[in-house]
Amino acid sequence: MDFLRPATLDEALAVKAERPGAVPLAGGTDVMVELNFDHRRPEALLDLTGIGALAEWSITDGQVVLGAGVPYTRIIAELGDTLPGLAMAARTVGSPQIRNRGTVGGNLGAASPAGDTHPVLLAAGARIEVASVRGTRLVPAEEFYTGVKRNALDPDELITAVRLPAARGLEQFAKVGTRNAMVIAVCAFALVLHPERAGVGAAIGSAAPTPRRASEAERFLAAELPWDTPGALPDSLKRRFGELVAGATEPIDDVRGSAAYRRHALAVLARRTLTWAWNDHQERGKSCA
Amino acid sequence: MSTSTENRVSQAGVGTSPQRPDGSMKVRGEFAYSSDLWHEDMLWGATLRSPHPYARITGIDIGAALALPGVYAVLTHADVPGVNRYGLEHADQPVLAEDVVRYQGEPVAVVAADHPETARRALERITVGYTVLEPVTDSEAAVAGEGAQLHPGGNVVRHVPIRKGDPAAAAEGAEVVVTGTYEVGMQDQAFLGPESGLAVPAEDGGVDLYVATQWLHVDQRQIVAALGLPEDKVRLTLGGVGGAFGGREDLSIQVHACLLALHTGKPVKMVYNREESFYGHVHRHPAVLHYEHGADRDGRLRYVRARIFLDGGAYASSTGAVVANAATLGVGPYDVPHAAVDCWGVYTNNPPCGAMRGFGAVQAAFAYESQMDKLADACGLDPVEVRTRNAMAEGTSMPTGQVVDSPAPVAELLRRLRAMPLPTEPGGELDLRRLPGGVSNTTHGEGVVRGVGYAVGIKNICFSEAFDDYSTARVRLQVVGGEPAATVHTAACEVGQGLVTVLQQIVRTELGVERVTIEPTDTTIGNAGSTSASRQTYVTGGAVRAACLKVRDALGALSPSDLGDKVLDETVEWRHRPTEELDPVTGQGNAHVQYGFAAHRAVVDVDTELGLVKVVALDCAQDVGKAMNPQAVLGQIQGGSAQGLGLAVMEEIQIAGGVIRNPSFTDYLIPTVLDMPPMNIDVLELADPHAPYGLRGVGEPPTISSTPAVVAAIRAATGRALDRVPVRPEHITGT
Ligand SMILES: Cc1cc2nc3c(=O)[nH]c(=O)nc-3n(C[C@H](O)[C@H](O)[C@H](O)COP(=O)(O)OP(=O)(O)OC[C@H]3O[C@@H](n4cnc5c(N)ncnc54)[C@H](O)[C@@H]3O)c2cc1C
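Residues numbered from 1 in each chain as written. Chains lettered and ligands numbered in written order. Predicted model: local features only at pLDDT ≥ 70, side-chain atom pairs only at ≥ 80, totals over all residues. Heavy atoms only, no water.

### Examining the interface of chain A and chain B
Line of reasoning, step 1. Chain A puts 32 residues into the contact, and the matching count from chain B is 41 residues.
Line of reasoning, step 2. Note on chain A versus chain B: buried area summed over both sides is about 3000 Å², and carbon and sulfur give 50% of it.
Line of reasoning, step 3. The interface formed by chain A and chain B contains six salt bridges.
Line of reasoning, step 4. At the junction of chain A with chain B, the criterion picks out 23 residue pairs in polar contact (both at pLDDT 80 or more).
Line of reasoning, step 5. Within the residue set of the side of chain A that touches chain B, elements represented by two or more residues are α4 (84-92), β11 (170-176) and α11 (259-288) of chain A.
Line of reasoning, step 6. Grouping the constituent residues of the side of chain A that touches chain B by class yields 15 nonpolar, eight polar and nine charged. (Contact = heavy atoms within 4.5 Å. Buried area = accessible area lost by both parts, 1.4 Å probe. Salt bridge = Lys/Arg side-chain N within 4 Å of Asp/Glu carboxyl O. Polar contact = N/O pair within 3.5 Å; in protein donor to acceptor, adjacent residues only side chain to side chain. Helix = DSSP H or I, 4+ residues; strand = E, 2+ residues; numbered from the N terminus. Nonpolar A, V, L, I, M, F, W, Y, C, P; charged D, E, K, R; others polar.)

What follows is the structure, given as structure tokens:
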């Protein structure tokens, strides 16, 4: 097995074009597990950690460009206010050691239905920036996940960044696991509310072959939320939203939980996150008034 | 008892907590575990395992594997020179499978190669033909004689009946009767250091084996039988052990590595990876337990009837002894006038089960403590009150007829537990880490209900049922560099529990010598017995103390520093008082040496809508007779409690049709620091007059009561029956 460590993105893209079988390596928290378990024997590893540009982030016109190689620890520390939903998800990933190394680029590369950042990226309407020697393109998150552990990358492409709006909206992320830390999601849910344009993003993880948006639930909520009316939301609205989120799932029974539980739990998470986001909305309303 | 004079009293003797000799090395990552063993020119061994729980082997073709460059040996059952059977109680397990495989993961062939990767590739080139058979997977059906017979003599490994008084007559007059069927899932020891060792062929035709194990001499006995060698040709030295908890009592790499080393004439190292480790050692017996408790209206127990089924899996391992524990301790630490307990341990095609911390007492305790809560409910009593009313004490007669002849402070433990402060109520500033779900942000208080639960447990300490349970210790005293120094040699395995520290402390106390060196643990000295049954401090500690007393006799009036060139050197074999066999029909007999007791109070916050649990407090009171090393005692109680918490809410090897579904730490979950609360611990020291220093084994009791206490607390919070552990979110939400 060859170990390749390009110093620049161009170099990396050239290698990837020449050797599409080379497996990119970011934090290695997925790749190394696969190698150790002998699930994968790549001809070459393409270590991306020497490319400084991938580990940077910037904000332009309210859009965050988050380098694929920024580890979770830095997202939590540096972007907690700017990308609160993503930071919430990042806090739930693995253990401190995993968060020190693991990256959003790696989460996207692995494209596990249980990856924690996916529901947030979907709900926030993120676009994935991918590059090859042929050029750069932006893939909307909902087009990125193509199957169980499959994504929209072509063999010669690398993920360079994720673009998503700096939080103007109200963001929540919640994940159910059977342990209080370092646990893979039994199911997860992300919600983003945009009161200024009556917009809603809602997405689920670990409850279908891919992470996915709960589009009907989004539409329902966008239409039904009393955006400009202060006060608590009616229970009936929350319940209906929960039902629609549960209805968007296609869960399975596995060692981590039953399909019925996943549906049930997502309905609960949907109601709760909606309540929290709405409360924040009310708070903001008060402080603006 | 000690006759130490003033000037002999050590600063780091019995009752103190000196630093462990291996402590800082372990913290710094410098400690050499058995997986770090290395030898010039060594080969790497690897094991081919059966993918099927039950199958007939129709053929094995090793040709392609042997042809792979770098491969030195590919061995099958045909290459086992001695008896191709081993086992702790019954030699029923093949070193390498012959015509049949009886569990998924059973070793079929072993390979030695010059690189671990080459060895793995060689495994892929071995072709094994299998005819898959219908596995036996249900323990009650196995007792009923249904399904294939897996071993000669049938599928019941052992049945232990216990009969005391006349339960049938007592049942007639019982005012309150509660019944229940309980289930315990298969727990794993989850030690962090996977099975590993290094076998080095010797010039005399023998082999030296360095290995992480719990009992060198019982390994040796089984290895020589399989290799067909005399005992002196197979010498064992303990490698660095990364945890054990019972999972290293059975052989893993031992015979395989020796076979490969003798066959190739080269040192052979074997290390399992995490996944293989799940197939490479026995687990805790899953259990189904049917219970009936009858009592007076005031909650006083009249009788208990129980039928317990333990799934031993494919091979016997220590199932027989586990069955005896579950049966003899089946009614718990209570004074029960009439009892009928039957416990069966069976063969199935599930993974083999054997020793794990708590050893049969854990399964029984989940059932009898659940029953005590039901009884409290039925009588309108507080759960502590119903336990206190029935608490056994010194002088109580066990269901086996054995009269407990040392302190049994069950009521006192409960009293102390109840007196401990309760944690503050939930609320205040939002801190996700304090809530069920933790930083996963599943609740900000919604659905969260608090519950409190109590449990108390009992465990036999040391080996039981007339087992000749002894240890051998050699103590030498001499002047080195002008200073008196002692060396201690035993074959007792330090597995992380701190035995070497305690042995040093004993020597310091008995000989008044500060410098105490523990020699490498090996088979050049006599048997020390197993590091299990909470027995090593008792038995090997007892042996070291006895050797010290002989040294002191030899020393006479001299002070150690006046020895000059003289070396005092004493070796003793030390036994605890003998025990009796159980009557095979009535289960009567003084089968146990000593009983240990611990009690827990758990406080949980349960997210009742999501079924997630946060254990807020898990406090413990335990009698240890004598806290030989107070810090190590606390460590045992914390660790044991955490392991019990794990069984209560997350730890289970999930099996379907004999196949393990979660052989990794990704899905076999053990508690993290956010799952295990800080503990209040109350340690009692009521001396047992029969034991060295009055000590009582510490390691297992806290594992036993922790599980039922946590589940009782979850029941209190949710109102759910919860008759199975681990409790899963679905059990709480009913979805
Ligand atoms: C103990 C443990 C706990 C974990 N817990 C969680 C958890 O709670 N939640 C969760 O979501 N995940 C978890 N994971 C999985 C893993 O940490 C995450 O998926 C993480 O985001 C992977 O990032 P990485 O940088 O380590 O990726 P790597 O392992 O380096 O790569 C992962 C995949 O992405 C590809 N890749 C990486 N970078 C790029 C790129 N720039 N372009 C194209 N492809 C790329 C790689 O080739 C590989 O296929 C856990 C893993 C471990 C070992």
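### Re the pattern of salt bridges
Residues and elements named next belong to chain A.
Line of reasoning, step 1. Following the criterion strictly, the structure yields 65 salt bridges over all chains and no others.
Line of reasoning, step 2. A salt bridge links Lys238 to Asp235, with the nearest nitrogen and oxygen atoms 4.0 Å apart. Of this pair, Lys238 and Asp235 both sit in helix α10 (residues 235-247), three residues apart, roughly one helical turn.

### With respect to the domain arrangement of chain B
Residues and elements named next belong to chain B.
Line of reasoning, step 1. The domain boundaries assigned to chain B delineate domain 1 (5-31 + 470-575), domain 2 (34-133 + 194-241 + 248-280) and domain 3 (287-464 + 584-733).
Line of reasoning, step 2. Together domain 1 and domain 2 conceal approximately 1300 Å² of surface at their shared face, both sides included; 58% is due to carbon and sulfur atoms.
Line of reasoning, step 3. Put simply, domain 1 and domain 2 have seven residue pairs in polar contact (both at pLDDT 80 or more) between them. (Domains from an automatic or database assignment.)

### Digging into the sheet that holds strand β3 (residues 44-47) of chain A
Residue and element names in this part refer to chain A.
Line of reasoning, step 1. Sheet architecture is open: three strands sit in the order β1-β3-β2, paired in parallel fashion. A single partner strand is all that each edge strand has here, and the edge strands are β1 (2-4) and β2 (23-25). The sheet shows a mean angle of 25 degrees between the axes of neighbouring strands, direction not considered.
Line of reasoning, step 2. Sheet topology places β2 next to β3; three bridges connect them, and they run parallel. Note on β3: the bridge partner recorded for Leu25 is Asp47. (Pairing = 2+ DSSP bridges. Axes fitted to C-alpha atoms, helices over the stretch in contact; angles between N-to-C directions.)

### Some words on the packing of aromatic side chains
Line of reasoning, step 1. Scanning the model with the defined rule gives 15 aromatic pairs over all chains in all.
Line of reasoning, step 2. Taken together, a centroid distance of 5.6 Å and an interplanar angle of 85 degrees make the contact between A:Phe144 and A:Tyr145 edge-to-face. Taken individually, A:Phe144 and A:Tyr145 each receive the classification buried, so the pair is uniform in this respect.
Line of reasoning, step 3. Ring plane angle 65 degrees and centroid distance 6.1 Å describe the contact between A:Phe189 and A:Phe241, whose orientation is recorded as edge-to-face. Here A:Phe241 lies in helix α10 and A:Phe189 lies in strand β12 (residues 187-194), a separation of 52 residues in the sequence. Take A:Phe189 and A:Phe241: they sit in the same class, and that class is buried.
Line of reasoning, step 4. Ring pairing ties together the aromatic residues B:Trp215, B:Phe463 and B:Phe467, which thus form one cluster.
Line of reasoning, step 5. Just above the ring of B:Phe463 sits the side chain of B:Arg535; from NZ or CZ to the centre is 5.6 Å.
Line of reasoning, step 6. One cation-aromatic arrangement involves B:Arg575 over B:Tyr470; the distance from NZ or CZ to the ring centre is 4.5 Å. (Phe/Tyr/Trp six-rings, centres within 6.5 Å; stacked < 30°, edge-to-face > 60°. Buried < 20%, exposed > 50% of the residue type's maximum accessible area, 1.4 Å probe, protein only. Lys NZ or Arg CZ within 6 Å of the ring centre and 35° of its normal.)

### Some remarks on the environment of B:Ala113
Residues and elements named next belong to chain B.
Line of reasoning, step 1. Within the element layout of this structure, Ala113 appears in strand β5 (residues 107-113).
Line of reasoning, step 2. Taking C-alpha positions, Ala113 is 9.8 Å from Leu260, a pair spaced 147 residues apart along the chain.
Line of reasoning, step 3. If we ignore the near neighbours within four places in the chain, the residues touching Ala113 are Leu43, Trp44, Gly70, Val71, Tyr72, Thr118 and Ala119.

### A few points about unusual backbone geometry
Line of reasoning, step 1. Across the junction of B:Val725 and B:Pro726, the peptide omega takes the value -5 degrees, indicating a cis bond.
Line of reasoning, step 2. Mapped onto the elements, B:Pro726 comes out in the loop between β26 (724-725) and α17 (729-733).

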